[in-house]
Amino acid sequence: MACVIVPFVEAVGVSAAEKLLAKKAVRDGAARDFVRQIPLLKNMLYGGSFLLAVEHIYHGELSFVPPFLTAVRTPEEIPVMLREMATNGVAMALLTTAVWAGVVALGRIVKKAKAHRAGAALCA
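Just so it is clear, the model here is predicted, and its values are computed rather than measured.

Thresholds, definitions, all that
- Residues numbered from 1 in each chain as written.
- Predicted model: local features only at pLDDT ≥ 70, side-chain atom pairs only at ≥ 80, totals over all residues.
- Heavy atoms only, no water.
- Helix = DSSP H or I, 4+ residues; strand = E, 2+ residues; numbered from the N terminus.
- Rg over C-alpha atoms; globule rule 2.2 N^0.38 Å.
- Buried < 20%, exposed > 50% of the residue type's maximum accessible area, 1.4 Å probe, protein only.
- Contact = heavy atoms within 4.5 Å.
- Lys, Arg positive; Asp, Glu negative; His and termini not counted.
- Charge placed at Lys NZ, Arg CZ, Asp CG, Glu CD.
- 1 Å grid on protein atoms, 1.4 Å probe; cavity = no way out; pocket = protein on both sides within 12 Å on 5 of 7 lines; lining within 4 Å.
- Points joined across faces, edges and corners; volume = space filled by probe spheres on them.
- Nonpolar A, V, L, I, M, F, W, Y, C, P; charged D, E, K, R; others polar.
- Phe/Tyr/Trp six-rings, centres within 6.5 Å; stacked < 30°, edge-to-face > 60°.

1. What about the overall build of the protein?
Looking only at helices and strands, the protein has 3 helices and 0 strands in total. Starting at the N terminus and walking to the C terminus, you meet the elements of the protein as α-α-α. Over its C-alpha atoms the protein spans a radius of gyration of 20 Å, topping by over 25% the 14 Å that the globule rule assigns to 124 residues. Based on the C-alpha atoms only, the size of the protein along its principal axes is roughly 70 × 30 × 20 Å. In the protein, which comprises 124 residues, the share counted as buried stands at 25%. Within the protein, residue pairs in contact and separated by at least 24 positions form 71% of the contacts whose partners lie at least 6 positions apart. Of the charged side chains in the protein, 14 are positive and 9 negative, and the gap between their average positions amounts to 18 Å.

2. Describing the layout of surface pockets
Here the idea is plain: a probe the size of a water molecule rolls over the atoms and shows the empty space left. Volume-wise, the largest pocket comes out at about 270 Å³. If you trace the largest pocket, you find it lined by Asp33, Arg36, Gln37, Val103, Val104, Gly107, Arg108, Lys111 and Lys112. If you list the elements that add at least two residues to the lining of the largest pocket, you get helix H2 (29-58) and helix H3 (78-123). With 6 residues, H3 is the single largest residue contributor to the lining of the largest pocket. Residues of the lining of the largest pocket, tallied by class, amount to 2 nonpolar, 2 polar and 5 charged.

3. Concerning the environment of Phe8
Here Phe8 shows up in helix H1 (residues 5-25). Along the sequence, Phe8 and Ser49 sit 41 residues apart, while their C-alpha atoms lie 5.7 Å from each other. Sequence-distant contacts of Phe8, that is, excluding residues within four places in its chain, are made with Tyr46 and Ser49.

4. Some details on the packing of aromatic side chains
For any two aromatic rings, the description comes down to two numbers: the centre-to-centre distance and the angle of the planes. Under the definition given, this model contains 2 aromatic pairs. Between Phe8 and Tyr46, the aromatic rings sit 5.8 Å apart at their centres with planes inclined by 70°, giving edge-to-face as the arrangement. Of this pair, Phe8 sits in helix H1 while Tyr46 sits in helix H2, and the two are 38 residues apart along the sequence. Take Tyr46: its relative accessible area is 31%, and that puts it in the partly exposed class. Seen in terms of ring centroids, Phe34 and Trp100 are 6.0 Å apart; in terms of plane orientation they differ by 75°. Their pairing is edge-to-face. Taken as a pair, Phe34 in helix H2 and Trp100 in helix H3 lie far apart in primary sequence, 66 residues in all. Take Trp100: its relative accessible area is 8%, and that puts it in the buried class.

Written as structure tokens, this is what we have:
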């Protein structure tokens with residue numbers, strides 16, 4: 001149930017990085033293209049975290065009163081929570097980022113192919 005925290009923390013970090021990179025993107029064209037893709041990653045991470053939190057609330061694994069994580073009622077359960085965050089949470093965050101990177105790469109390939117076809121049509 002604590003796995004939802006890891007993608008949310010990554011989303012917050014990506015949001016902060018976007019603000020910092022936006023300043024650099026004004027001067028650098030390659031960075032500008034990269035910064036334009038960041039909102040997609042933010043939306044994927046925030047949206048996934050929100051939906052996962054809703055699912056955990058529905059199943060009673062998260063509550064609105066302390067302790068918010070229902071499986072962590074004693075200090076002995078904290079290592080179990082941290083292990084879940086390290087395995088499930090990190091895996092979900094990495095998979096989401098990998099899917100985003102794949103979508104961005106595929107978009108660049110399609111864009112280059114369209115430009116190549118348009119150039120070939122002009123030459124013919």
